[in-house]
Amino acid sequence: GENLPIIFAALMFALAAVAGLFALTRTIVTSFFPEAPFGALILAILGVIAVSSVPWALRRSLIYELSTLSGIAFAIWGVWLTLRTVLTLRDDHAPSHGALIRIATGSLLAGGVSALAVGCRPTMALVFLWAPALIPMIRPQRKAIRAYCVSALSYALPVLIVALLLMRYNQLRFGSIFEFGFSY
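The structure reproduced in this document is the subject of the present report.

Definitions and limits used
Residues numbered from 1 in each chain as written. Predicted model: local features only at pLDDT ≥ 70, side-chain atom pairs only at ≥ 80, totals over all residues. Heavy atoms only, no water. Core = buried A, V, L, I, M, F, W, Y, C linked by side-chain atoms within 4.5 Å. Buried < 20%, exposed > 50% of the residue type's maximum accessible area, 1.4 Å probe, protein only. Helix = DSSP H or I, 4+ residues; strand = E, 2+ residues; numbered from the N terminus. Contact = heavy atoms within 4.5 Å. Salt bridge = Lys/Arg side-chain N within 4 Å of Asp/Glu carboxyl O. Expected span 1.5 Å × (residues − 1). Phe/Tyr/Trp six-rings, centres within 6.5 Å; stacked < 30°, edge-to-face > 60°. Patch = residues over 30% accessible without salt bridge, like charges linked within 9 Å, V, L, I, M, F, W, Y side chains within 5 Å. Areas by Shrake-Rupley, 256 points an atom, 1.4 Å probe, with all protein chains shown as cover.

For the rest of this paragraph, the subject is the nonpolar core. By size, the foremost hydrophobic cluster in this structure holds 24 residues, and its most contacted members are Ala17, Val54, Leu69, Ile72, Ala75 and Met124. Counting only elements with at least two residues in this core, the list comes to helix H1 (6-32), helix H2 (38-51), helix H3 (54-57) and helix H4 (63-91). Per-element accounting of this core gives the leading share, nine residues, to H4. Residues in contact with alanine 75, not counting those within four places in the same chain, are Ala117, Met124 and Val127.

Following this line, the structure appears as structure tokens:
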């Protein structure tokens, strides 16, 4: 029967962001630098967390920091899910039916989580710059074109749905689909 304290919500999103940074950094290091020692992995993870906005946003937990932390958490997990999907597409030259389902599920989640980041902070739209940057890594073989198309459509569908819902919300609340409340 009480409101969730902002400081508790900020802490939960900060923990989610740190876990996402850990997963993302670990995936990058183990996929692209498999010979890196364990100590280098730990130093890389600590360095990435230290330079992220998460410690800054926790210094005081107000509404602005809560939206920043939630946007960061959704963006990090969206990028990690996108990277995992791209690595799966890259490694499976002729994906089986089960691999196609994993690829589509990962893409759906990545698109949805990334779009939620934009709902938290409109400036998080920059998270979508990661997807085109990762596409050259795929180089789909002729047999994997179907998996690539399934992944692209699965990623685009939740992004489109969340974008349309956000536009409708902005229209109803502020009178314009592109107004996010900055002038209020």
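Moving on, there is more to tell.
What follows covers the environment of alanine 117. On the secondary structure map, alanine 117 appears in helix H5 (residues 97-120). Take alanine 117: its relative accessible area is 0%, and that puts it in the buried class. With sequence-adjacent residues up to four places away left out, alanine 117 is seen in contact with Gly71, Phe74, Ala75 and Met124.

When you line up the elements, serine 70 lands in helix H4. Discounting chain neighbours no more than four positions away, the residues touching serine 70 are Phe13 and Cys120.

Now for the pattern of salt bridges. Scanning all chains against the criterion turns up one salt bridge. Measuring nitrogen to oxygen at the nearest pair gives 3.9 Å for the salt bridge that ties arginine 59 to glutamate 65.

As a further point, take H2. With 14 residues, H2 should cover 20 Å at 1.5 Å per step; its first-to-last C-alpha distance of 20 Å lies within 8% of that length. On its buried face, H2 sits against H1 and H3.

Another aspect to go through is the packing of aromatic side chains. Counted according to the given criterion, the structure contains three aromatic pairs. An angle of 65 degrees between the planes, with centres 5.9 Å apart, marks the rings of phenylalanine 13 and phenylalanine 74 as edge-to-face. In this pair, phenylalanine 13 is assigned in helix H1 and phenylalanine 74 in helix H4, connecting sequence segments 61 residues apart. Residue class for phenylalanine 74 comes out partly exposed when judged on its relative accessible area of 23%. Aromatic side chains tryptophan 77 and tryptophan 80 sit 5.4 Å apart centroid to centroid with 85 degrees between the ring planes, which places their arrangement in the edge-to-face category. Residue tryptophan 77 and its partner tryptophan 80 are located together in helix H4, separated by three residues, close to a single helical turn.

A few words now on the environment of serine 67. Inspection of the secondary structure puts serine 67 in helix H4. Spatially, the C-alpha atom of serine 67 lies 9.9 Å from that of alanine 9, the residues being 58 residues apart in sequence. Sequence-distant contacts of serine 67, defined by excluding residues within four places in its chain, comprise Cys120 and Arg121.

Moving on to a nonpolar patch on the surface. Taken together, Leu4, Ile7, Phe8, Leu11, Met12, Leu15 and Leu58 make up a surface patch of nonpolar side chains, about 650 Å² in accessible area. With respect to the helices, strands and loops of the structure, leucine 4 is situated in the segment before H1.

Below, the discussion takes up H1. The terminal C-alpha atoms of H1, which comprises 27 residues, lie 38 Å apart, in line with the 39 Å expected from a rise of 1.5 Å per residue. Among the residues making up H1, those that are buried are Ala9, Ala10, Ala14, Ala17, Gly20, Leu21, Ala23, Leu24, Thr25, Thr27 and Val29.

Turning to the environment of valine 29, a few remarks are in order. Note that valine 29 resides in helix H1. Taking the C-alpha atoms as reference points, valine 29 and alanine 40, separated by 11 residues in sequence, lie 9.0 Å from one another. In contact with valine 29, not counting residues within four places along its chain, are Pro34, Ala36, Leu41 and Ala44.

These figures capture arrangement, not role.
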